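Residues per chain, in single letters:
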Amino acid sequence: MPATVRCALKVNGEEQGVSFPSYKTLLEVLREELGLTGTKHGCELGECGACTVLVDGEPALSCLVLALECEGRSVETIEGVARGPELHPLQAAFADFGGSQCGYCTPGVIMTAKALLERNASPTRQQIKEATAGNLCRCTGYQQIVEAIEGAAARLRSEKAKEAS
Amino acid sequence: MKKRLEVLGKPRRRVDGRAKVTGQLRYADDLSMPRMLHAKLLRSPHPHATVEKVDAEKARKHPGVHLVLTGQDFPVPFGIMPVSVDEYPLARERVRYVGDPVAAVIARDEQAATEALKLIEVSYRILPVVGSAEEGLKNPEPRIHDYGEQGNIHRNQSYEFGNVEESLKSADLVFDDLFFYEGNTHLPMEQQASLAFLDPEGKLQVSSSTQNPHYLHRQLARVLQVPEASIRVVATPNGGGFGGKCDPGGHEFVVAKAALVLGRPVKIGLTREEVFYVHRGRHPVLMRMRTGVTRDGMLTGMHLQTLLDGGGYGSHGPASTFYTGVLTPVTYHYPRFKFEACRVFTNKPACGPKRGHGTPQPRFGQEVQLDKIAEKLAMDPAELRLKNLVKANSLTASWLHVGSIGLEECIRKVVELSGWKEKHRKLPRGRGVGLACSTYMCGAGVAIYWNKMPHSGVQILLDRSGSVIVYCGATEIGQGSDDVLAGIVAETLGVDPGVVRCVTGDTGITPVDLGSYSSRVTIMMGNAAVQAAERLRTAIAGVVCENLNTVPDRVVFSQGRVFAADSSGPGMTFVEAVHAAEAQLGTLSAVGSYAPPKPPGKYKGAGVGPSPAYSFTACVVETEVDERTGWIHVPKIWIAHDIGRALNPTLARGQVIGGVYMGLGEALMEEQSFRRLPEKLSGALVHRAPSMLDYKSLTALDMPEVEVALIEDPDPNCPYGAKEVGQGPLLPVMPALANAIYDAVGVRIDEVPITPDKVLSALERKAKGEPARVGPEAFPAVPYPKPTFVLPPWEGGDGNEAKRDAAAAVV
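Residues numbered from 1 in each chain as written. Chains lettered and ligands numbered in written order. Predicted model: local features only at pLDDT ≥ 70, side-chain atom pairs only at ≥ 80, totals over all residues. Heavy atoms only, no water.

Q: Any details on the pairing of strand S19 (residues 456-462) of chain B? Residues and values, ideally.
A: Residue and element names in this part refer to chain B. Across the seven residues that make up S19, a large majority, five, are buried. Examined bridge by bridge, S19 and strand S25 (residues 588-594) share seven bridges and lie antiparallel to one another. Bridging across to S25, Leu461 finds its partner in Ser589. Two elements, S19 and strand S20 (residues 468-472), share five bridges in a ladder whose sense is antiparallel. Opposite Gln459, over in S20, you have Tyr471 as the bridge partner. Where S19 folds back onto S20 in an antiparallel hairpin, the turn is made up of five residues, including Gly466, whose phi is positive at roughly 95°. (Buried < 20%, exposed > 50% of the residue type's maximum accessible area, 1.4 Å probe, protein only. Helix = DSSP H or I, 4+ residues; strand = E, 2+ residues; numbered from the N terminus. Pairing = 2+ DSSP bridges.)

In structure tokens, the structure reads:
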């Protein structure tokens, strides 16, 4: 058996110790060791964006990151996006606006969009397209993905406005 | 009792929407089991070779390896079509393309399996390589397969509906054009994966990313020599299919066999490179199209010849070959039509069905040629098309029955939305618009294997809780088939779709549905679902009518309530009605099934092309072409699709835009092309681009705005009038772009993809005074057979093959 390493990972806000062969990517450790299969394989070469997760709040292609590199960093996956039993506005918008057809690219796109909306609450269509250009989707033609992100951004802004008032 | 639609026709979150946005949906590769082993395939590095010896001794001894399988373990071949059973899960004596699997290692993990693959020694004897259809015609020896028509010709056919030469002679003008459409691939985001294991009863279960669990089930039984009743295939939700997961794959047989041998779960997940090798994508097709037309723009006839590069195996090829012709006369009326097609084996991954299956290629040629005809006749291309439309409820020369046709409205709609009349031939140089139309089947009229049984079955179980459980073998590949099923059942029973649970794509527990191909699911599964739900409604109405003081026909099911149409009384809840009916009738369940109507054509070969209904599409593409670089920019696309009725407009619109996206990708950049390595490096034919980085597809940044119009005129053959939308909207995009480029810079690109280098090359020719065109220059001599001659309906035919001189006798 290959030699394993033990490492403390913080995934979706929870610190946990994981043992895995040192060559495993973050994608493989998330899926195979932690059972978080929401993050998808699409190419293992950094070409498609299906494996996008957030590492310290920034989108990262988990197929190109060694899990070992993530010790002490914060990793967020699609499983950590919902607010308890309620969908996050991005998730709701993707489901309602047709942003998800086969759904395989969806977790990756939602993570990319989440990072975008956290740094820019009112992105233009062009900015949305630029941010998600690394996430390939073969079903939607992207239009309803862009509409979903716009819809979610609007809802997040109105939530924030309500909180402030 | 009929009521206004309450569920269908309104935008609604799809029933599987939540699972997709939370990451909870389990695709095949997301499955794992205790004691699960992993399989990897060794693939041929040669495009054509004899396998002389496979020595796997070292691999078998490698730590962690449990089993090595080779071609010797699979004596029985498979093939999706009964006439093309020509493939082994692992090659036995011959490899026919780079990537053909020859051996499999099953080990404790992928790492150990991958290491062991390198220890397998295969002795190959290299054979001459056929690199294209033309090469295959020129080199009948060595034969890639020892079956087929002759030499390397797999399929060769010819049909003539009325004397076509005569119809061309009677025309004022005959257009004779050559077109080429390069092959391309599906590129689903999900790579194929499969998990096989023995269930607690010892029966084989295969969970797989397949579009067609029923056909896979039959093929597994055949190849593994296991009774069909001892196998269960579960189609996991597909992460995109587009036709690429229709054929059974070698990997599926390998994990199934390994699970049977080892008694442990065995999984495989293909790499992206392997997905390119599995392929089964768009055939490269060379076309010659001769079309007669009168001075006032009436088509007199068409002679279409196609030559398909089939790749190394049969796959769906016999059907693909037909589809390069049979749907051509469905949009416009051709009084006479002749169609010759030839599919040649080559040493490349097998081609098969990709979205539009065989029809985008001739549609491209047909629609570009119509643009040329319109220009020559100084007619508006939209007017030329409107003038020649097939009429509703009519037959084509080839005996296809066309029921509803909304193409006229589609054309008028895109002309209006795009400002066509102000733009065509009027935009400044460098900018242009192009128009094209298309049609697609709503399900193939005949099953892939001959049988008289239904094409789709649905079973509904009503639970006392008020939940409605619907069982159907249909497969969710992202197109929304589960949502269609839930929506139709909810509408028919007057309940909220939220109480409907769909159990689909599982050959162990669901009635057979043939699969997610040929745009058949909405129509066939939908009709079966309507029948099952109506039977339940009738049963319940028969019980509760007395309580409601009415007759069964006047019982209304609406919004979770059941009441009398002509009474102001409160009626009862759906759950109360279920309780009453169950008390009297026992457990409430009903089945429904659907088989398409018998096609009117009776000649041999008339089974390909008929459909219960056809969808129609018209599209306008606007483009800007940079004459210095050849760069093609597409700012906007307008598309109108005759869908009959949009059951869930959000999903329907998504299918249309997604089809446009895929069509535009094919038009501009997608190509599954090959190159020869230098002779000193084996001279092998290898992929130019077996990766997503090199196989270009459109990103969010490249995608233009798409304005969609859904044309709704319910078709009586379809459930709630709904026609297909999954494939049709892709088809007009490629020719519309080619026509727009001509409008912009006056050059004809008669082949797909249309790349900047081709535009530049055509512009250079134009500048030199040569024909301003890039495209194929010659059509080879293809030994097409003597045609099957059939008289068109209006020449006294009866749909059977006729003698050629019968035409003269009638005329």
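Q: Please set out the pattern of salt bridges residue by residue, giving values where relevant.
A: Across all of its chains, the model carries 61 salt bridges over all chains by this definition. With a closest N to O distance of 2.9 Å, Lys24 of chain A and Glu33 of chain A form a salt bridge. For Lys24 of chain A, a relative accessible area of 11% translates into the label buried. Residue class for Glu33 of chain A comes out partly exposed when judged on its relative accessible area of 33%. The partner of Arg554 of chain B in a salt bridge is Asp566 of chain B, with the nearest N and O atoms 3.3 Å apart. (Salt bridge = Lys/Arg side-chain N within 4 Å of Asp/Glu carboxyl O.)

Q: For the domain arrangement of chain B, give the residues involved together with the corresponding values.
A: One frequent convention defines the size of an interface as the accessible area lost when the parts assemble. All names here are of chain B. As assigned here, chain B comprises domain 1 (17-24 + 454-594), domain 2 (31-127 + 189-240 + 245-278) and domain 3 (157-184 + 281-445 + 604-774). Once you take the C-alpha centre of each, domain 2 and domain 3 turn out to be 36 Å apart. Contacts between domain 2 and domain 3 engage 21 residues on the former and 24 residues on the latter. Carbon and sulfur atoms supply 65% of the area buried between domain 2 and domain 3, which totals about 1,900 Å² over both sides. Summed over the three residues of domain 2 that lose the most area to domain 3, namely Met81, Arg96 and Phe276, the buried surface amounts to 30% of that side. One can count nine residue pairs in polar contact (both at pLDDT 80 or more) joining domain 2 with domain 3. For the side of domain 2 that touches domain 3, the element with the highest residue contribution is helix H8 (residues 272-278), accounting for five residues. By residue class, the composition of the side of domain 2 that touches domain 3 is 11 nonpolar, two polar and eight charged. (Domains from an automatic or database assignment. Contact = heavy atoms within 4.5 Å. Buried area = accessible area lost by both parts, 1.4 Å probe. Polar contact = N/O pair within 3.5 Å; in protein donor to acceptor, adjacent residues only side chain to side chain. Nonpolar A, V, L, I, M, F, W, Y, C, P; charged D, E, K, R; others polar.)

Q: Provide a residue-level description of helix H5 (residues 143-164) of chain A, including the pertinent values.
A: Helix length check: H5 of chain A (22 residues) gives 32 Å between terminal C-alpha atoms against 32 Å at 1.5 Å per residue, within 8%. Along H5 of chain A, the positions that sit buried rather than exposed are Gln143, Gln144, Ile145, Val146, Glu147, Ala148, Ile149, Ala152 and Ala153 of chain A. (Expected span 1.5 Å × (residues − 1).)

Q: Run through the sheet that holds strand S11 (residues 231-235) of chain B, naming residues and quoting values.
A: Whenever strands of a sheet pair, they do so through backbone hydrogen bonds, lying parallel or antiparallel. Residues and elements named next belong to chain B. Within the open sheet, the seven strands sit side by side as S3-S5-S1-S12-S9-S10-S11. Their pairing is mixed. Edge positions in the sheet fall to strand S3 (65-70) and S11, since each of these pairs with one other strand and no more. Each adjacent strand pair in this sheet contributes to an overall mean axis angle of 20°, direction not counted. Sheet topology places strand S9 (residues 193-198) next to strand S12 (residues 266-269); four bridges connect them, and they run antiparallel. For Ala196, the partnering residue across the bridge sits in S12 and is Val266. Relative to S9, helix H7 (residues 250-262) is tilted by about 25°, and along the sheet it contacts strand S1 (37-43), S3, strand S5 (101-107), S9, strand S10 (204-208) and S12. (Axes fitted to C-alpha atoms, helices over the stretch in contact; angles between N-to-C directions.)

Q: I'd like a description of the domain arrangement of chain A, backed by residues and values.
A: All names here are of chain A. As assigned here, chain A comprises domain 1 (4-80) and domain 2 (89-164). The C-alpha-based centres of domain 1 and domain 2 are spaced at 22 Å. Each partner contributes to the interface: domain 1 provides 15 residues, whereas domain 2 provides 12 residues. Summed over both partners, the interface of domain 1 with domain 2 comes to about 1,200 Å²; 60% of that surface belongs to carbon and sulfur atoms. If you look at where domain 1 meets domain 2, you find one salt bridge. Its salt-bridge partner being Lys114, residue Glu76 comes within 2.8 Å of it at the nearest N-O pair. There are five residue pairs in polar contact (both at pLDDT 80 or more) connecting domain 1 and domain 2.

Q: So, helix H3 (residues 110-117) of chain B: which residues are in play, and what are the values?
A: Residue and element names in this part refer to chain B. Among the residues of H3, those classed as buried are Ala112, Ala113, Ala116 and Leu117. The buried residues of H3 occupy an angular sector of 140° when the element is viewed end-on, so they sit on one face. On its buried side, H3 packs onto S1, helix H2 (57-61), S3 and S5. (Arc of directions from axis to C-beta.)

Q: Provide a residue-level description of the environment of Gly726 of chain B, including the pertinent values.
A: Residue and element names in this part refer to chain B. Counting through the fold element by element, Gly726 comes out in the loop between strand S30 (705-711) and helix H18 (733-745). Through-space distance from the C-alpha of Gly726 to that of Gly356 is 8.9 Å; in sequence the pair is 370 residues apart. Those residues in contact with Gly726, other than ones at most four positions away along the chain, are Arg355, Ser519 and Gln655.

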